[in-house]
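Descriptive structure summary
Take a look at the letters that make up each chain.
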Amino acid sequence: MKLFTRMFILAIVTATLAGCNSEPSESDIQKALQNKLDEGNARASQMMGRYGVNTDGMLTTLNSIRKISCDESGNNKQYNCKVEVDITSPLIGRNKSVTTINVINDSGKWLVME
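Residue numbers restart at each chain and count upward from 1, following the sequence in its written direction. Reporting in this predicted model follows two pLDDT cut-offs: at least 70 for local features of residues, and 80 or more for side-chain atom pairs to be given and counted; totals over whole chains, interfaces and linings ignore these cut-offs and use all residues. Side-chain numbers come from the whole structure's heavy atoms, not from hydrogens or water.

**Concerning helix H2 (residues 26–50)**
This is how the line gets drawn: Only DSSP runs of H or I with at least four residues qualify as helices, and only runs of E with at least two residues qualify as strands; both kinds are numbered from the N terminus onward. To estimate how far a helix should extend, the number of its residues minus one is multiplied by 1.5 Å. Buried, partly exposed and exposed residues are distinguished by accessible area as a fraction of the type maximum, computed with a 1.4 Å probe on protein chains only: under 20%, between the cut-offs, and over 50%, respectively. Contact definition: two residues touch when any of their heavy atoms are within 4.5 Å.
Helix length check: H2, at 25 residues, gives a terminal C-alpha distance of 36 Å against a target of 36 Å (1.5 Å per residue), a fit within 8%. All buried positions along H2 are accounted for by Ile29, Ala32, Leu33, Leu37, Asn41 and Met48. As for H2, its buried residues are in contact with strand S1 (61–73), strand S2 (75–89), strand S3 (93–106) and strand S4 (109–113). A positive phi of about 75 degrees marks Gly52, the residue just after H2.

Following this line, the structure appears as C-alpha cells:
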C-alpha cells in the first residue's frame, strides 16, 4: 500500500511539474493576441474620440487563429509560435496570413511580446 501511495504522489507531482514548462496552447495564444488587440483598439478609440471620430468599423478584429508550431526561445517561459492569423483591420480589410508571434508566460498568463 505504501508503494502505491508513493507512486500515486510521484505521478501527481510529475504531471504538475510537466505542466509548468509546457508551450502555449492555441487557446492561450488566441487569448494573448486578443488582449493585445483589445489594448490597441482601446488606445485607438481614445485617440480618435478626442477628435470626435466615430470608431465603428475602424478597429481591428481577430477572426481566428490556428497554431502551427511553437519553439522555445531562450527559457522555458518564452516561445516563438508560428500561427495562421485571420484579422480584419481598417483600410486593409480581412487578411489571413502565417506569422510568428513571440509569447511569454508571466505568472501563468500568456502575453504577446513586441
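**Details of the sheet that holds S2**
Under the convention used in this document: Two strands qualify as a pair provided DSSP detects at least 2 bridges between them. Each axis is a line fitted through C-alpha atoms, and for a helix only the stretch in contact is used; angles between axes span 0 to 180 degrees, taken between their N-to-C directions.
Spatial strand order, S1-S2-S3-S4: four strands in an open sheet with antiparallel pairing. The two strands at the open ends of the sheet, each matched to only one other strand, are S1 and S4. Neighbour-to-neighbour, the strand axes of the sheet open up by a mean angle of 35 degrees, direction not taken into account. Bridging between S2 and S3 involves 12 bridges; their strand directions are antiparallel. Looking at the pairing, Cys81 lines up with Ile101 of S3. Docked against the sheet, H2 engages S1, S2, S3 and S4, running at close to 120 degrees with respect to S1.

**Quick look at the pairing of S1**
Judged from the 11 bridges that link them, S1 and S2 form a sheet pairing that is antiparallel. Note that in S2 the partner of Asp71 across the bridge is Asn80. As consecutive antiparallel partners, S1 and S2 are separated by one residue, and within that stretch Gly74 has a phi angle of approximately 90 degrees, a positive value.

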